Amino acid sequence: MKTIHRLATGIAAFSLLSLASAVVAQDAAAPVDPAAAKAAAKARAKQVAAWKAQYGPGPYPDEVETFAQGRQEELRGYYRVLYYDGEHNAVLNYERLGLLSMELGYYGDAEKAFDGALDRIEAFYNKDKQAEKATSATRLEVNKDFKGEPYERAMAYYYRGLLYLRKGDYDNARASFKAAEYQDTVSGEESFQSDFALLTYLQGWASQCAGDGSQAADAFEQAAKIDPRLKVPGPNDNVLVLTELGIGPVKATDGQYQEKLVFRPGAAMPENGAIVTLGAGKTTRAWPLTPAADIYTQASTRGGRAIDGILDGKAQFKSGLETTSALATTVGSSFAQQMGGNALYAQGIGAALSMFSKSVRPTADTRMWDGLPSSIMVGTTRWGAAAPAAAAGKGKKPAPKASLSAGEWSMPSVSMTYRQDDNALDLTGTKPMAASAGKCGIVWARSRSVASLPSEAPGNNAKIALARKRDKDVWAKDEAFRAKLR
Amino acid sequence: MLKLRPVAKAAFLGVGLAVIAAGPALAKKDRSHQAVDLDPDQRGVVSGVGIEGQDLGRMADQMVRDLMANPEISNRATPPRIILDSSDLRNQSSQRIDKDIITDELRGKLMGAARGKMRFVSREFIAAVEQERALKRDGVVDSGTTGLTRATAGADYKLVGKITSLDSRNNDTGMQERLTVISLEMLDLEYGTLVWNGTYKIRRAGADDVVYR
C-alpha cells in the first residue's frame, strides 16, 4: 500500500512538472528565456534527486506513468505496480492483472497477463540469488520472487484455460487444466493429491468440445469419482457455465516468530448458490449450478512445504539464541559475581547474542492472490437445439444435431442470480463473460468483483522490495522485464 | 605448531597474495542482463520440463530425414501434394503450445530438403487464393504468368498427429519429470491409409529451487 501511495504522490508531482514543462514548451515558439529554461532544468534535477532518495534506482513516477498511459484506464493502477515491482512480484501482479482484465472484458490483456505468470511458474529458478536469500537465517522469505502456492498456481492455469475455451482453442484449454491439476499433486498429504475435481471435469469438457469423446468420458468419470456432485454433461451439451462465489482463502502466519504459513477462510459472504438464466422469452432456460470446488480446501490441504523446514530451523535457531542470551545475561552475571569476576562480560555476551537473535528472521511470506473466490459452481446445457424444430413438422421433435458448428448457433443473453440457500440475494455480481468461438460456448461470472481491490497485492514488504532494487543483478533483471513490457 | 621451511613460507605467501589480488577479479561476475542472441538449436537460459526452442529444430530434422527416406512420398514420379499445417495436430499434452510453431518449422525444413519432390498445398490462406482467382476471372487483373486452372490444387496427403505427455513428480526431492511425445503421421486423403509415421520423444527432468517446492 505504501509503495503505491508513494507512487501516486510521485505521479502527482510528475504531473505538475509536466505542466510546467508544457508551459515552457508552449513558450518555445517564442524566444527562449534562458532563465526559465535553467529554472526548469533545476526543478527537474531536484525532483529526480527526491525520487532517487524515495525510490532508490527507480523506476521513477514519470517512467511508470509513461508506460501506464498506453493501457486501459481501469487497468493502469495494476500496470503501474507490475512495472514498478519488476520480477519480484511479477507472477502475483500478472495474476491479479489477468483476473481484473478478464472481469472487465479486456481479454487480450488477460491472456498476456496469465501467460506472463505461467511462463514464470513453469520455469525453474535454479541458483537464483533471491531464492538463496530467502533461505538465509538473517533474511526474510519474502526476498524470493513470488511464484505462489500450488492452489494459486492452479488457479492461474484455470483462468488461462477459461480464456482458451472462450477462443475455441480446446487443446490448449485442456493443456491448461491438466497443468493446473498437476499443481495439485504437490500436496504432501497423499490423500489430497489430485483432488481438485473441477480441473479434471474441465479437461473432460475441453476434450468433448475438441471432439475427443473417449478422453472426455475418461475425464468425466475420474472427476465424478473425486466429487460425485459433478455429473457427466449431456453428449450434446455445448454451453459451460461457471460462476465463482465469495472471497478466497487468506494467508496468515502462526508460531512464536510467525514462521508458519497458515490459511484462513476469506471473509464470510452470504451467497452459497447461483441460478443461471440463458436467453429471453420463450427460449429462456434457468437452472441452479452445482458446487464444484472449494478453494479454501485446496489451499489448506497441501501439507507441508519444503521451505517450512527451513523457516522452522530459523525459528529454533532464533529461540536458541534468545535462551542463550538470557542465560548469559542472568545466570552468567550472577555466576561471575559469585566467582568475583566482572559481570559486565557476561552481560555483554548476552546483549550481543540478543542482537544477533533479532537479526534472525524466520517470518513466512504472506504475499497472496487476494482476488480468488471461495468456491466455484458449474453447469452445462445444450443451446441452439431448438433451431431445427420448426422444420420437423408433424408434431415430431427431431433429434438435435450432435454438434453445432460455430456459425449454426450463437450465445444467448445471460444473467446470474446469487442465492443464500433458497433465497435470492440482492447481489448483481460481475457482468458475465459469454462467448462461443467454436462448437462450445462459455459463461463465466463472479459474485464479487476484484475491481474494488487495491492495485498493490497484500503481503508485500516495501522495505525488502526497495532494498532488493539496489542489487545490480536484480536491477538488471528488472530492467529486462520492464523493457519487455514496454 | 606447524613449522614451514622458508621456501614453503614464501610459496604460501605468494599464493596468498595472488589470491588476494585475483579475488576481486574472480568475484566479479558477468552482471549484465542485456538482450543477447542465442542459438535457437541450443538450450536457452530459461528452462522447464516442457518442449523448448531447441527441441523444435531437432524434431524437424529427424522428421524430415524420416520422411525423405520414405519412397512412397519422396520418390514418386509426380511429386505428391501435401497439406502441412496445424489444423489436425492435436495437443493432448499438459503444455500450452502454439502448434503452428511445430508445423511451420517442419514445413520450412521439408520444403528445403524436398527440392521439388513434394508440393505443399496451403489451406491456411485459401481465402487469399480465392480472392485473387475471382479478380482474375472477373478481368479486374490479368491471368498472371502461370495461367488459369480449373480449380485450386487438391491434396494427396495431410500431416496429422498428436502431442502427448506424461508428468511425474517426486515430492520428497521436488524432482519433476515430463515425457513429451510428438507423433506425426502422413494421411492418404483418398484411401485414408497412413503412409508414414514419425515419433519424437523428449524426456526432461528438473527441480525448482527448494523455496518454491
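The residue numbers shown here count from 1 along each chain, following its written sequence. All chains are assigned letters beginning with A, and all ligands numbers beginning with 1, in the order in which they are written. The predicted nature of this model means local features are confined to residues of pLDDT at least 70 and side-chain atom pairs, given and counted, to a pLDDT of 80 or more, with totals for whole chains, interfaces and linings taken over all residues. Excluded from the side-chain calculation are hydrogens and water; included are all heavy atoms of the structure.

Going by what an unreviewed UniProt entry lists, chain B is known as Penicillin-binding protein activator LpoB and is assigned to Rhizorhabdus wittichii.

Chain A goes by TPR repeat-containing protein in an unreviewed UniProt entry, where it is assigned to Rhizorhabdus wittichii.

### Concerning the sheet that holds strand β9 (residues 423–424) of chain A
Residues and elements named next belong to chain A. The strand order across the open sheet built from 4 strands is β5-β4-β8-β9, with neighbouring strands paired in antiparallel fashion. On the outer flanks of this sheet lie β5 (285–288) and β9, each paired with one strand and no other. Strand pairing is defined by DSSP finding a minimum of two bridges between the two strands. Numbering of helices and strands starts at the N terminus; helices are DSSP runs of H or I of at least 4 residues and strands are runs of E of at least 2. Where strand β4 (residues 273–278) meets strand β8 (residues 414–420), 6 bridges bridge the pair, whose relative direction is antiparallel. Counted as the bridge partner of Gly273 is Arg419 from β8.

### Concerning the state of the cysteines
Residues and elements named next belong to chain A. Throughout, a disulfide means two cysteine sulfur atoms within 2.5 Å of one another. Inspection of the entire model under this criterion finds 1 disulfide over all chains. A sulfur-sulfur distance of 2.1 Å marks the disulfide that ties Cys209 to Cys440. Here the disulfide of Cys209 and Cys440 is left-handed, its torsion about the S-S bond being about -105°. Remark: Cys440 occurs in the loop between β10 (433–436) and β11 (441–446) and Cys209 occurs in helix α10 (residues 197–210); sequence separation between them is 231 residues.

### A word on the packing of helix α9 (residues 170–184) of chain A against α10 of chain A
Between two packed helices, the angle of one axis relative to the other and the distance separating the axes together describe the packing. All names here are of chain A. Between α9 and α10, the least distance of the axes is 8 Å, while the angle of their chain directions is 165°. By the angle class used here, α9 and α10 are roughly antiparallel. The two elements α9 and α10 cross, and the hand of that crossing is left-handed. Contacts between α9 and α10 involve Tyr170, Asp171, Ala173, Arg174, Phe177, Lys178, Ala180 and Glu181 from the former and Leu199, Thr200, Leu202, Gln203, Ala206, Ser207, Cys209 and Ala210 from the latter. Each residue belonging to the contact of α9 with α10 can be placed in one class, and the counts come to 9 nonpolar, 3 polar and 4 charged. Axis geometry follows a simple rule: fit a line to the C-alpha atoms, using only the stretch in contact for helices, then measure angles between N-to-C directions, giving values from 0 to 180 degrees. Orientation categories follow fixed angle ranges, with anything under 35 degrees roughly parallel, anything over 145 roughly antiparallel, 65 to 115 roughly perpendicular, and all other angles oblique. Helix crossings are classified by the rotation of the near helix relative to the far one: an anticlockwise turn of less than a right angle makes the crossing left-handed, while a clockwise turn makes it right-handed. Whether two residues are in contact is decided by their heavy atoms: any pair within 4.5 Å suffices. Each residue receives one of three labels: charged for Asp, Glu, Lys and Arg, nonpolar for Ala, Val, Leu, Ile, Met, Phe, Trp, Tyr, Cys and Pro, and polar for the others, Gly being one of them.

### Considering the nonpolar core
Taken as a class, soluble globular proteins show a tendency for nonpolar side chains to be buried jointly. Among the buried residues, those of types Ala, Val, Leu, Ile, Met, Phe, Trp, Tyr and Cys that are joined through side-chain atoms within 4.5 Å form a nonpolar core. Burial classification: accessible surface area is computed with a 1.4 Å probe over protein chains only, and a residue below 20% of its type maximum counts as buried, one above 50% as exposed, and the rest as partly exposed. If you look at the biggest cluster of nonpolar residues, it comprises 82 residues, and the most contacted ones within it are Met102, Tyr158, Tyr159, Leu162, Leu165, Leu198 and Leu242 of chain A. Here this core takes 11 residues from helix α8 (residues 150–167) of chain A, the largest share from any one element. The contacts of Leu242 of chain A, once residues within four sequence positions are left out, are Tyr158, Leu162, Leu198, Leu202, Ile376, Met377, Val378, Val443, Trp444 and Ala445 of chain A. Core analysis: the next-biggest nonpolar cluster, separate from the first, contains 27 residues, Met63, Val64, Leu84 and Ala114 of chain B among them.

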